Amino acid sequence: MKRFRYSLETVLKLRSIREEEELKRLSIVVSELNLIITEREFNESEIQRSYLEIENSAHVGTSLNDYLSIERYIQGLLKMNEDLEYKIQEKNKQVDLVRADVLIARKDKKVLEILKENRFKEWKKKVNRVERREVEEYNDSMLAHKTYVESLPDGNKGQQKKNPKTFKIMNREDGGDELMGDFKNLRDFYEKYYMGQGR
């Protein structure tokens, strides 16, 4: 029988590529957001360091110009952080939009993957049915051949003719309740003809 082929395999590959592209976009946007956050955190640490510098210099004696210079530096950092805070909010919105695109791309791919899995299961059931039918046909032909050979005139008449027992090959998908009955028959047959009982 032909090997399994999924008719939408090309579409599935394209959707996988799209998901990867969306993930790359998300990675870039998140990296940009992290850079802005890192810059803001650096400015905050600089502000804290500058305040400590003012406190420490009060004991030593610092000129008014030095104080004003440090104060202007702190004010500049605070203004920068206000701008960075706005950029962070905007970048967070962008991250949310790209993340939504990633989820859509992932969902689109998942739908095709589930469909592929279901089609494979159907194909596998069909293959199993064909294989079981072939085995049963082979068993039937062997039984017919044996019966034919034993019915020939030069056959051994002294021996009692015994038709070999054949069993239908089943699985749980075809109705598992019959399996236990077949198993019991097979066990009885084995004990009778191979274990020496009943001879």
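Residues numbered from 1 in each chain as written. Predicted model: local features only at pLDDT ≥ 70, side-chain atom pairs only at ≥ 80, totals over all residues. Heavy atoms only, no water.

Chemist: What is the right way to look at the overall build of the chain in this model?
Modeler: The secondary structure content of the chain amounts to three helices and zero strands. Of the regular secondary structure in the chain, the N- to C-terminal order runs α-α-α. Buried residues in the chain amount to 18% of all 199 residues. Across the chain, contacts joining residues at least 24 apart in sequence account for 74% of those joining residues at least 6 apart. By element, 54% of the accessible surface of the chain is carried by carbon and sulfur atoms, the whole surface being about 15,600 Å². (Helix = DSSP H or I, 4+ residues; strand = E, 2+ residues; numbered from the N terminus. Buried < 20%, exposed > 50% of the residue type's maximum accessible area, 1.4 Å probe, protein only. Contact = heavy atoms within 4.5 Å. Areas by Shrake-Rupley, 256 points an atom, 1.4 Å probe, with all protein chains shown as cover.)

Chemist: Explanation requested: the packing of aromatic side chains in the structure shown.
Modeler: Working definition: an aromatic ring pair is given by the centre-to-centre distance plus the angle between the planes. Applying the stated rule across the entire model yields three aromatic pairs. Between Phe4 and Phe120, the ring centres sit 5.2 Å apart and the planes meet at 85°, which makes this aromatic pair edge-to-face. Pair noted here: Phe4 is in the segment before helix 1 (9-60) and Phe120 is in helix 2 (residues 64-150), with a separation of 116 residues, a long-range link. Taking the relative accessible area as the measure of exposure, Phe120 reaches 38% and is therefore partly exposed. Chaining the aromatic ring pairs together yields one cluster made of Phe4, Phe120 and Trp123. (Phe/Tyr/Trp six-rings, centres within 6.5 Å; stacked < 30°, edge-to-face > 60°.)

Chemist: In this structure, what is going on with a negative patch on the surface? I would like to understand it.
Modeler: On the surface, Glu131, Glu134, Glu137 and Asp140 cluster together to form a negatively charged patch. Overall, Glu137 belongs to the partly exposed group, its relative accessible area being 49%. (Patch = residues over 30% accessible without salt bridge, like charges linked within 9 Å, V, L, I, M, F, W, Y side chains within 5 Å. Salt bridge = Lys/Arg side-chain N within 4 Å of Asp/Glu carboxyl O. Lys, Arg positive; Asp, Glu negative; His and termini not counted. Charge placed at Lys NZ, Arg CZ, Asp CG, Glu CD.)

Chemist: Which parts of the structure should I look at to understand the nonpolar core?
Modeler: The nonpolar side chains of soluble globular proteins are, as a tendency, buried together. In terms of nonpolar packing, the biggest core is built from nine residues, these being Leu26, Val29, Leu33, Ile36, Leu84, Ile88, Val95, Val98 and Val102. Of all the secondary structure elements, the ones that give two or more residues to this core are helix 1 and helix 2. If sequence neighbours within four positions are ignored, Leu26 has contacts with Val95, Val98, Arg99 and Val102. Residues Ile47, Ile70, Ile74 and Leu77 belong to the second largest nonpolar core, which totals five residues. (Core = buried A, V, L, I, M, F, W, Y, C linked by side-chain atoms within 4.5 Å.)

Chemist: Help me understand the side chain of Lys109 in this model?
Modeler: Turning to its location among the elements, Lys109 is positioned in helix 2. For Lys109, a relative accessible area of 17% translates into the label buried. With residues up to four places along the chain from it excluded, the contact list for Lys109 reads Leu12, Arg15, Ser16 and Glu19.

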